[in-house]
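Here is how the chains run, residue by residue.
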Amino acid sequence: MDASVQHEQATIPDGDKLSSVMQTIAEHKGCGTSGGSGKASCGSGAGENDLPPEIWEKVKNHPCYSEEAHHHYARMHVAVAPACNIQCNYCNRKYDCANESRPGVVSEKLSPEQAAKKVLAVASTIPQMTVLGIAGPGDPLANPEKTFKTFELIARTAPDIKLCLSTNGLALPDHVDTIAGFNVDHVTITINMVDPEIGAKIYPWVFWKHKRYTGVEAAKLLTDRQLQGLEMLTERGILCKVNSVMIPGVNDKHLVEVNKAVKSRGAFLHNIMPLISSPEHGTVFGLTGQRGPTAQELKALQDECEGEMNMMRHCRQCRADAVGLLGEDRSAEFTTDKIMAMEVNYDIDSRKAYQEAVESERVAKVVARQEELASLAGQSSDIKLLVAVATKGSGLINEHFGHAKEFQVYELSTAGAKFVGHRRVDLYCQGGYGDEDSLETVIRAINDCHAVFVAKIGGCPKSDLQAAGIEPVDQFAHEFIEKSAIAWFKSYLDKVNSGEIQHVVRGDAEIRQGALTSAA
Amino acid sequence: MTLKIIASQCTSCSACEPECPNVAISEKNGTFVIDPKKCTECIGHFDEPQCAAVCPVDNTCVIDNSFPRYQPPA
Ligand code: SF4
Ligand code: SF4
Ligand code: SF4
């Protein structure tokens, strides 16, 4: 990557920014990588040439595609479409659609008019809000009138907001032209299998053309419609992301095949999410005791697919109606009562000005990382390790250990810092005092990390972390994440080389079950 | 007969409402209800009652035995 690439205008993508997005999106062509180090050998600006400019335009500020962008921009979902036309074994429809959000949480159901007002109210208050998605509970395309009415209302007042939707795909082929007509930015299809025999273990039934189909027949119908819909969208130039839920023992090995099938049909990003399953969700899988994958199992599968295609690692299966950046949730400010009473004045110009300021901040961050990375040059070592970071966004280490609801995980090597995922821990510190049990939860969630970077940390958790073999690092408070992580890694390597410490490989970590429900 | 919706099990997902060929289903106090005067058990329209086929909660759209069997017009 070339640090000398400068930019007059924030709107012109450069190799550096692009490369960081490349981790999660776009092309592997010319990168010559396999396995987990996609970024390592990507040459400068490789992606810019590979990626058609119109696709780059669509994704560069997209919090759903770029972890880096997620630090600066926010998306919101509205639930206007509660009806669904299929049944998934990981879903309990008293709650949200597990496709795009965590099971076990309820989103407020809104009419299209209420939803549009909410979106405008949020966008006026939070200028970072740039993407609106319609997702579960339910399938947006099983409720086409409500979904498209919502799009129509928003597009009229706020043409700068990107629209997207996620669907199980059953009804997709019927609506592709309407989706194209609304200039929908991207569509997410949840595809858990391309083999109906496996599908029958995930989907008990589908409802299609006035009839309920079950078993292999149902799964065959679903996979045919999903792949057809995917092809139709990519033919029309609409970006398609594929979500897959990793269900150990059911479709975990098969997802490599799914990955190939969707890649060959033009999906530009594949997001493998862990099954979140526990009996109290009341889902079929929850009740049968079907477990979700561990962090290591998930990462191994994502790595295996990454050689084939770009994997997305930052999906946090957020609450569908959460509002805000990263782990933040400001939805309590935007309840239906409050928004209906609000005077909303949608000011496109001040939003634009704000976003321009954000762009220059992003440029500064990239430059800082490049400088630090340059100082790593010449070091050679096979050591690869994970570190966790507490952040509230903007690419900074700016969250107190006890306040973090999630940690971002970076893989460090002499190639630099690569974002590989995040770990939810919800609130460990409730109102200022530490709670021992939850500290254990945090440790389990980041147990595979060598260090945790925080803005601040109390004495007790500090010594407990050290006892668990995780080094708490607070000396980089409020500095850029990647720059700091690389600097720390450099001194780690020095210590290993001088024999001061010994590098040990860490164990696996647990994926937190249950819903992200804590309101900010 | 007609079908009825067991209110305590209904998730109010609204999936049944647009599927009914007789517009017999509507929302009432947060859950969905079937108007027994309009429901024909889907006879003459479809092979199976649509509300029951689309409902995500098993045994929620069920036959209501307190009504006489629906007689299709001759
Ligand atoms: S598509 Fe979504 S709402 Fe429908 S059953 Fe599956 S998880 Fe539930
Ligand atoms: S059985 Fe058919 S006619 Fe009766 S309520 Fe259900 S969908 Fe309507
Ligand atoms: S489909 Fe079932 S759960 Fe949904 S509204 Fe109708 S009766 Fe209620």
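What you see is a predicted model; the values in this text were computed from it and never measured.

Reading guide: rules and limits
Residues numbered from 1 in each chain as written. Chains lettered and ligands numbered in written order. Predicted model: local features only at pLDDT ≥ 70, side-chain atom pairs only at ≥ 80, totals over all residues. Heavy atoms only, no water. Helix = DSSP H or I, 4+ residues; strand = E, 2+ residues; numbered from the N terminus. Buried < 20%, exposed > 50% of the residue type's maximum accessible area, 1.4 Å probe, protein only. Contact = heavy atoms within 4.5 Å. Areas by Shrake-Rupley, 256 points an atom, 1.4 Å probe, with all protein chains shown as cover. Lys, Arg positive; Asp, Glu negative; His and termini not counted. Charge placed at Lys NZ, Arg CZ, Asp CG, Glu CD. pLDDT = per-residue confidence, 0-100. Phe/Tyr/Trp six-rings, centres within 6.5 Å; stacked < 30°, edge-to-face > 60°. Near = heavy atom within 4 Å. Nonpolar A, V, L, I, M, F, W, Y, C, P; charged D, E, K, R; others polar. Core = buried A, V, L, I, M, F, W, Y, C linked by side-chain atoms within 4.5 Å. Pairing = 2+ DSSP bridges. Salt bridge = Lys/Arg side-chain N within 4 Å of Asp/Glu carboxyl O. Axes fitted to C-alpha atoms, helices over the stretch in contact; angles between N-to-C directions. Polar contact = N/O pair within 3.5 Å; in protein donor to acceptor, adjacent residues only side chain to side chain. Parallel < 35°, antiparallel > 145°, perpendicular 65-115°, else oblique. Left-handed = near helix turned anticlockwise from the far one by under 90°.

Undergrad: So what's going on with the overall build of chain B? Residues and values would help.
TA: Counting secondary structure elements, chain B contains one helix and four strands. Put simply, chain B runs from its N terminus to its C terminus through helices and strands in the order β-β-β-α-β. Principal-axis analysis of the C-alpha atoms gives chain B an extent of 35 × 25 × 20 Å. Within chain B, buried positions represent 42% of all 74 residues. Counted over contacts in chain B with a minimum sequence separation of 6, partners at least 24 positions apart contribute 64%. For chain B, the accessible surface area stands at approximately 4100 Å², while carbon and sulfur atoms represent 52% of it. Distance between charge centres in chain B, computed from 5 positive and 9 negative side chains, equals 11 Å.

Undergrad: Let's hear about the overall build of chain A: which residues, and what values?
TA: Looking only at helices and strands, one finds 17 helices and 18 strands in chain A. Every one of the 520 residues in chain A was classed for burial, and the buried ones make up 61%. Counted over contacts in chain A with a minimum sequence separation of 6, partners at least 24 positions apart contribute 74%. Taken as a whole, chain A presents about 19200 Å² of accessible surface, with 50% of it coming from carbon and sulfur.

Undergrad: Account for the confidence of the model for chain A, with residues named and values stated.
TA: Residues and elements named next belong to chain A. When pLDDT is averaged along chain A, the result is 75; 73% of the residues meet or exceed 70. By mean pLDDT, helix 2 (residues 46-50) is the weakest element of chain A at 33, and helix 8 (residues 196-199) is the strongest at 97. Low confidence marks residues 96-105, where pLDDT is under 50. Its contacts with residues over four positions away, or in another chain, come to 51 contacts.

Undergrad: Give a detailed account of unusual backbone geometry, specifying residues and quantitative values.
TA: Residues and elements named next belong to chain B. The phi torsion at N29 lies on the positive side, around 50°, for a residue other than glycine. Relative to the helices and strands, N29 is located in the loop between strand 2 (25-28) and strand 3 (31-34). According to the relative accessible area criterion, N29 is exposed, its value standing at 79%. Backbone geometry places C42, a non-glycine residue, at a positive phi of 70°. Overall, C42 belongs to the buried group, its relative accessible area being 7%.

Undergrad: I'd like a rundown of the packing of aromatic side chains, residues and numbers included.
TA: All names here are of chain A. Taken as a whole and judged by the stated rule, the model has seven aromatic pairs over all chains. Consider the rings of F453 and W488, whose centres lie 5.8 Å apart with planes at 80°: the pair is edge-to-face. Here W488 lies in helix 17 (residues 481-497) and F453 lies in strand 17 (residues 449-453), a separation of 35 residues in the sequence. W488 sits in the buried class, given a relative accessible area of 4%. Here a set of aromatic residues connected by ring pairs shows up, and it is made of F453, F476, W488 and Y492.

Undergrad: Tell me about the site of ligand 3, and please be specific about residues and values.
TA: Lining the immediate environment of ligand 3, one finds B:I5, B:C10, B:T11, B:S12, B:C13, B:S14, B:C16, B:F32, B:C55, B:P56 and B:C61. Broken down by class, the residue content of the shell around ligand 3 amounts to eight nonpolar, three polar and no charged.

Undergrad: Account for the nonpolar core, naming residues and giving values.
TA: A:V78, A:L132, A:I179 and A:L233 are the most contacted members of the largest nonpolar core, which totals 52 residues. The element contributing the most residues to this core is helix 5 (residues 112-125) of chain A, with seven residues.

Undergrad: Before we move on, could you go through helix 10 (residues 255-264) of chain A and cite the residues and values that matter?
TA: Restricting attention to buried positions, one finds in helix 10 of chain A the residues A:L255, A:V256, A:V258, A:N259, A:A261 and A:V262. Once helix 10 of chain A ends, the next one or two residues include A:G266, with phi positive near 95°.

Undergrad: Break down the pairing of strand 6 (residues 205-208) of chain A for me, citing the residues and quoting the values.
TA: In the case of a regular strand, side chains alternate between the two sheet surfaces. All names here are of chain A. Pairing between strand 2 (residues 86-87) and strand 6: two bridges, direction antiparallel. Residue pairing across strands places I86 opposite V206, the latter belonging to strand 6. Pairing analysis gives four bridges linking strand 6 to strand 7 (residues 211-214), with the strands arranged antiparallel. In the sheet register, V206 faces strand 7, and the bridge partner there is Y213. Hairpin connection of strand 6 to strand 7: two residues between the antiparallel strands, including K209 at a positive phi of 50°.

Undergrad: Tell me about the pattern of salt bridges, and please be specific about residues and values.
TA: Scanning all chains against the criterion turns up 10 salt bridges over all chains. Ionic pairing is found between A:R212 and B:D58, a salt bridge with its closest N-O pair at 3.9 Å. Highlighted residues: A:R212 in strand 7 and B:D58 in the loop between helix 1 (50-54) and strand 4 (61-64), drawn from two different chains. Across the salt bridge formed by A:D474 and A:K462, the nearest N and O atoms sit 3.4 Å from each other. Of this pair, A:D474 sits in the loop between strand 18 (471-473) and helix 17 while A:K462 sits in helix 16 (residues 459-467), and the two are 12 residues apart along the sequence. Through salt bridges with shared partners, one network takes in A:K299, A:D303 and A:E411.

Undergrad: Which residues make up the sheet that holds strand 2 of chain A, and what values do they have?
TA: All names here are of chain A. One open sheet accounts for three strands, arranged 2-6-7; its pairing is antiparallel. Both edges of this open sheet fall to strand 2 and strand 7, since each of them pairs with a single strand only. Sitting on the sheet, helix 9 (residues 215-235) touches strand 2, strand 6 and strand 7, and the angle it makes with strand 7 is about 105°.

Undergrad: Can you explain the interface of chain A and chain B? Please cite residues and give values.
TA: With 14 residues of chain A at the interface, the matching set in chain B holds 17 residues. The interface formed by chain A and chain B holds one salt bridge in total. One can count seven residue pairs in polar contact (both at pLDDT 80 or more) joining chain A with chain B. Elements with a contribution of two residues or more to the side of chain A that touches chain B: strand 6 and strand 7 of chain A. Along the lines of polarity and charge, the residues of the side of chain A that touches chain B split into five nonpolar, three polar and six charged.

Undergrad: A description of the sheet that holds strand 13 (residues 406-413) of chain A should follow, citing residues and the corresponding values.
TA: Residue and element names in this part refer to chain A. Taken in spatial order, the five strands line up as 14-13-12-17-18 in an open sheet, and their pairing is mixed. Whereas interior strands pair on both sides, the edge strands pair on one side only; in this sheet they are strand 14 (416-424) and strand 18. Across the sheet, the mean angle from the axis of one strand to that of its neighbour is 25°, orientation sign disregarded. Direction of pairing for strand 12 (residues 385-389) relative to strand 13: antiparallel, over a ladder of five bridges. Within the sheet, the bridge partner assigned to L385 lies in strand 13 and is L412.

Undergrad: Tell me about the packing of helix 14 (residues 348-376) of chain A against helix 17 of chain A, residues and numbers included.
TA: Residue and element names in this part refer to chain A. In the contact formed by helix 14 and helix 17, the axes pass within 8 Å of each other and the chain directions differ by 15°. Compared by their axis directions, helix 14 and helix 17 come out roughly parallel. For the pair helix 14 and helix 17, the crossing hand works out as left-handed. Within the contact between the two elements, helix 14 uses K365, A368, R369, E372, L373, S375 and L376 and helix 17 uses E482, K483, I486, A487 and K490.

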